[in-house]
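Each chain, written out:
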Amino acid sequence: MQGDCSGCAQMPVIALIENASKRHIAPAIPQTLLLSLCCLLLLIIILLVIWVIYLHRVYREPTEAEKSRAFHDQFDQFLSKHGVWTHKTKSGYFCPSCKARYFESQLVLHGSTAYCPINECHFGTSNPDHIAPPRPPKVLI
Ligand SMILES: [Zn+2]
C-alpha cells in the first residue's frame, strides 16, 4: 500500500490541492490574458467606485443652508412700497412675516387691503393691485 504513494503520507492535503491547481490551471491561462483580465477587473472596480460616489452625492440629504436657499429662491422680488413678496411661478402676493418663518402664505386681496390668512400672523397692507377710483369733481355752488 505504501509503495503506490510514497510521498503522499508526508504532504498535507492542502499542499496537494495547491500543487494540483498550479500544475493544471495556471499554465492553461497565458500571461497576456491574465494581465488583460486584471486590467479589466481594475477598470470595473474604478467604475464601481465612481458610481458609488455619484449615487452618494445624488441621494444625500440636503443641508439646512441648502433647504433655506431653495425656499427663499422661489420668491421673485420684494415690493417695498407694500411690503410683500412676489413668487417666481405663482401669481399673487406673499406674506413677508410668514416667509421669514419658512412658510409660504399667499395674501388675500380684499378691496384696497391685502391680509395674511394665517391666524397667528396678523399681517396686513394695502392692496398692490388696487387702483383708487377717480375723485368726483368738486361742484361749486
Ligand atoms: Zn403671514
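Now for a description of the structure that goes with this document.

A word on the overall build of the protein chain
Scanning the protein chain from terminus to terminus reveals four helices and six strands. Listed by position from the N terminus, the elements making up the protein chain come as α-α-α-β-β-β-α-β-β-β. Sorting the 141 residues of the protein chain into buried and exposed places 7% on the buried side. Considering only residue pairs separated by 6 or more positions, the protein chain has 18% of its internal contacts joining residues 24 or more positions apart.

Here's the deal with the sheet that holds strand β1 (residues 75-79)
Within a sheet, neighbouring strands are paired by backbone hydrogen bonds and run either parallel or antiparallel to one another. In spatial order, the strands read β1-β2-β3; together these three strands make up an open sheet with antiparallel pairing. Every interior strand has two partners, whereas the edge strands, β1 and β3 (93-94), have only one. Summarising the sheet, β1 and strand β2 (residues 84-87) pair through three bridges and their orientation is antiparallel. The residue of β2 that forms the bridge with Leu79 is Val84.

What counts and how
Residues numbered from 1 in each chain as written. Predicted model: local features only at pLDDT ≥ 70, side-chain atom pairs only at ≥ 80, totals over all residues. Helix = DSSP H or I, 4+ residues; strand = E, 2+ residues; numbered from the N terminus. Buried ≥ 20, exposed ≤ 12 C-beta atoms within 10 Å, placed from the backbone. Contact = placed C-beta atoms within 7 Å. Pairing = 2+ DSSP bridges.

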